[in-house]
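Notes for the structure review
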Amino acid sequence: MTVRLYVPRDAAALALGADRVAKKLAEEAAGRGIDITIVRNGSRGMHWLEPLVEVETAAGRIAYGPVKPSDVAGLLDAGLIEGKAHPLCLGKTEEIAFLRNQTRLTFARCGVTDPLSLADYKAHGGLLGLEKAIAMAPADIVKEVTDSGLRGRGGAGFPTGIKWKTVLEAPGEKKYIVCNADEGDSGTFADRMIMEGDPFVLIEGMAIAGLATGATKGYVYTRSEYPHAIAAMSDAIDIARAAGILGPSVLGSGKAFDMEIRTGAGAYVCGEETALLNSLEGKRGVVRAKPPLPALQGFLGRPTVVNNVISLASVPVVMEKGAAYYRDFGMGRSRGTIPIQIAGNVKHGGLYETAFGLTLGEIVDAIGGGTASGRPVRAVQVGGPLGAYFPRALFDTPFDYEAFAAKDGLIGHAGITVFDDTVDMLKQARFAMEFCAVESCGKCTPCRIGSTRGVETADKIAEGIEPEKNRALLTDLCNTMKFGSLCALGGFTPYPVMSAMTHFPEDFSPAPIAQAAE
Amino acid sequence: MNVHVAGNDVGTKTLAIVGALKGLEGPLLPILHEIQAEFGYVPQESLPIIAQELNLSRAEVHGVVTFYHDYRDHPAGRHVLKLCRAEACQSMGGDDIAARVKALLGIDFHQTTLDGAVTLEPVYCLGLCSCAPSAMLDGEVHGRLDADLAAELVAEARR
């Protein structure tokens, strides 16, 4: 009887040698006459254990990791096929604390199934949400999503149902669902993981969005830096089309919906929805002024839903289990679950899906296990390059849209980047300005000019030139960018800069020149 | 892939690519991606043909090509090494890795080694932030780089 082994195809696993491990496993097993099938699953999200090899046994799946190609022979000798003990053995996968303590709704299948097996997808609850949606009126689907409390997971936190309602009610012959998969924020990889690990859930979510709003065409706009996600999504779309999930009659409903994947060309600003739409239309990725809202005049001037990958991928479970089920998780106005991405200098990096409400300290210290370097945590940046740096003093902040806003931060796309005590916060503030200068689309002055002036001013502070005056100038500049920029790039770059200055003032004091002058 | 081709050939191939893709909604980026995949860069000779076929001005096409970091106006080296420069990689010593790679190759970002072997580029996030620092060599991803692994990557790219 063939034994099923799992070796992830997720880019993080590949970056750590998963392909070489899979190859070695196949060779060694063949050499020993063992009949194995290697399933290339998504990642479970425990990236410090990647490549994570799992074996299916009568008792359940047993995990081993991190596995190097050189470990393979020893693992087989020790009885990997029967799930026997070995120093790398982690026991039953589902019982590993990091995984066991999560609430996996959106990522329920990620790492469990073969990402490109539709049979596997259905066996694990796939398509139930879409089947339910087909039997409902569009307005009822929209109401279900609205009632679930689902808010845009891309960062803005706008209620998904409200956006859908606007598009449903907008007049128009042709409407679109555009999935924003331009996940450019450092510290985030949830979109990539779902596209590589469970692409059908995104397709199902987009098809539901199409049925709900009357849109018949969908686009997934993703990044050229994500070749593995592009490949997985493209294959999944072909499979879904062949199975009648996409096409002129979605699952025989008589309603049409089809979709395509499109690739960006290395412009961070295209993660902003209006710049994304311009890029999708084949233009420079320049931000559009709002109004008009994309919901009314979006792609090619037609009504368009622009939603983040995770928002759309959360829709199937909302439809399947009902709005109340989803809404019961979370706190305050942040309902449901959020896939937190723990990254940077952290011991247990990876993806942790949980209800809103854990404190930042619980996430970084208890779940993340502190720094990888073993040094004290000094700062964590939450929400990508436009997110604020939080000091330990604010680690009691609960993970919730409003709670973070109240502390002059944002949860953004829920990426958390951990830094140890060797970090220079002035350097990080300068980088935020530099990144904004490189990536600014150039349309509005505060962002285009302000970011360059910001870099120069940070340099002056570092050189000890009129530090007090330049700190005041940097603050003033941040204020102008925050309130005067057209989109979040210029508008939010002040968050990392101001938070660094506010919480770590000691790094903005000009020691070097003063000493040199003596 | 990065071979110089005669002008005529560029014209014919560009026309074929545009012809195959111009029916898409918003066809310009897919066309430019395909042209860069074909030639290794976006040749100047392609631009007027694209403009004419899509009923755009040449300035509009030029504007799009130059807006995006991905499109090259000349061929890259035989191998392209991209190092992630974003925050998560910085937190794990990415700056030191970048300095080491630059020293080993003797070039700065956006440059190509004199023998034409390697082009070094910065990239702002490969989505491998939980196994930083990360890099991409010709589309293959690499994580948890340290000084030794970085040197191995450079050696591989040099071959």
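The structure presented is a predicted model; accordingly, all values stated were derived computationally and were not measured.

Conventions and cut-offs
- Residues numbered from 1 in each chain as written.
- Chains lettered and ligands numbered in written order.
- Predicted model: local features only at pLDDT ≥ 70, side-chain atom pairs only at ≥ 80, totals over all residues.
- Core = buried A, V, L, I, M, F, W, Y, C linked by C-beta atoms within 7 Å.
- Buried ≥ 20, exposed ≤ 12 C-beta atoms within 10 Å, placed from the backbone.
- Helix = DSSP H or I, 4+ residues; strand = E, 2+ residues; numbered from the N terminus.
- Contact = placed C-beta atoms within 7 Å.
- UniProt positions renumbered as here; feature names shortened; annotations may be inferred.
- Pairing = 2+ DSSP bridges.
- Axes fitted to C-alpha atoms, helices over the stretch in contact; angles between N-to-C directions.
- pLDDT = per-residue confidence, 0-100.
- Domains from an automatic or database assignment.
- Nonpolar A, V, L, I, M, F, W, Y, C, P; charged D, E, K, R; others polar.
- Parallel < 35°, antiparallel > 145°, perpendicular 65-115°, else oblique.

1. Some thoughts on the nonpolar core
All names here are of chain A. Grouped together as the largest cluster of nonpolar side chains are 215 residues, with contacts concentrated most on V178, C179, I194 and I203. Here the element with the most residues in this core is helix 10 (residues 199-213); it accounts for 10 residues. Beyond its immediate chain neighbours, meaning those up to four positions away, I203 contacts A236, I237, A240, I245, L246 and M259.

2. Describing unusual backbone geometry
Keep in mind that most residues, glycine aside, have a negative phi and that most peptide bonds are trans. In the segment running from E50(A) into P51(A), the intervening peptide bond is cis, with an omega of -5°. Looking at where P51(A) falls in the secondary structure, it is placed in the loop between strand 2 (36-39) and strand 3 (53-57). Here the amide bond leading from A132(B) into P133(B) is cis, since omega sits at -10°, within 30 degrees of zero. For P133(B), the position within the fold is in the loop between strand 3 (118-123) and strand 4 (135-137).

3. Quick look at the interface of chain A and chain B
On the side of chain B, 34 residues touch chain A, which itself brings 47 residues to the contact. Those elements that place two or more of their residues in the side of chain A that touches chain B are helix 1 (11-15), strand 8 (258-263), helix 12 (273-280), strand 12 (337-344) and strand 16 (415-420) of chain A.

4. A look at the UniProt feature "binding site: [2Fe-2S] cluster" (unreviewed entry) in chain B
Annotation from UniProt places "binding site: [2Fe-2S] cluster" (unreviewed entry) at C84(B), C89(B), C125(B) and C129(B). Despite a sequence span of 46 residues, these residues sit close together in the fold, their greatest C-alpha distance being 9.4 Å. You can see C89(B) is positioned in helix 5 (residues 87-90). A residue is classified by how many C-beta atoms lie within 10 Å of it, and C89(B), with 32 of them, is buried. Not counting the four nearest positions on each side in its chain, C89(B) is found in contact with C84(B), G94(B), A132(B), P133(B) and S134(B). Structurally, C129(B) is set in the loop between strand 3 and strand 4. Apart from residues no more than four positions distant in its own chain, C129(B) is found in contact with S186(A), G187(A), T188(A), F189(A), A343(A), G344(A), G415(A), T417(A) and A88(B).

5. Side note on the sheet that holds strand 8 of chain A
All names here are of chain A. Sheet architecture is open: four strands sit in the order 8-7-6-9, paired in parallel fashion. Single-partner strands in this sheet number two, and they are strand 8 and strand 9 (304-308). Between one strand axis and the next, the sheet turns through 20° on average, direction left out of account. Two strands pair when backbone bridges link them, and strand 6 (residues 176-181) and strand 7 (residues 217-222) are joined in this way by six bridges, in the parallel orientation. Counted as the bridge partner of A181 is T222 from strand 7.

6. As for the confidence of the model for chain B
Close reading of the predicted structure is inappropriate where its pLDDT is low. Averaged over every residue, the pLDDT of chain B is 94; residues scoring 70 or more account for 95%. Predicted as a complex, the structure gets a pTM of 0.96 and an ipTM equal to 0.94.

7. A closer look at the domain arrangement of chain B
Domains assigned within chain B are domain 1 (7-67) and domain 2 (79-158). Taking only C-alpha atoms into account, the centre of domain 1 of chain B sits 30 Å from that of domain 2 of chain B.

8. A closer look at the domain arrangement of chain A
Size of an interface: often given as the accessible area lost when the parts come together. Residues and elements named next belong to chain A. Split by domain assignment, chain A resolves into domain 1 (3-100), domain 2 (118-327), domain 3 (330-420) and domain 4 (425-517). A separation of 23 Å is found between the C-alpha centroids of domain 3 and domain 4. Counting residues at the interface gives 11 residues for domain 3 and 14 residues for domain 4. Where the side of domain 3 that touches domain 4 is concerned, the elements lending two or more residues are strand 14 (377-382) and strand 15 (389-391). Partitioned by chemical class, the residues of the side of domain 3 that touches domain 4 number seven nonpolar, three polar and one charged.

9. Points about the sheet that holds strand 14 of chain A
All names here are of chain A. On the basis of which strands lie adjacent, the open sheet formed by five strands has the order 13-12-16-14-15 and mixed pairing. Lying at the two open borders of the sheet, with one neighbouring strand each, are strand 13 (350-355) and strand 15. Recorded for the sheet is a direction-independent mean angle of 30° between the axes of neighbouring strands. With four bridges connecting them, strand 12 and strand 16 associate as parallel partners. Bridging from a neighbouring strand, A343 pairs with T417 of strand 16.

10. A look at the environment of E281(A)
For E281(A), the location among the structural elements is in the loop between helix 12 and strand 9. Among the residues examined, E281(A) registers 16 C-beta atoms within 10 Å and is labelled partly exposed. Between the alpha carbons of E281(A) and L300(A) there is a distance of 6.8 Å; along the sequence they are 19 residues apart. Among all residues touching E281(A), those that are not within four sequence positions of it are F299(A), L300(A) and G26(B).

11. Regarding the packing of helix 7 (residues 138-147) of chain A against helix 10 of chain A
Residues and elements named next belong to chain A. Between helix 7 and helix 10, whose axes approach to 7 Å, the crossing angle comes to 125°. When the interaxial angle is binned, helix 7 and helix 10 end up oblique. Across from P138, I141 and V142 in helix 7, the residues of helix 10 making contact are I208, L211, A212 and T213. Class assignment of the residues belonging to the contact of helix 7 with helix 10 gives a composition of six nonpolar, one polar and no charged.

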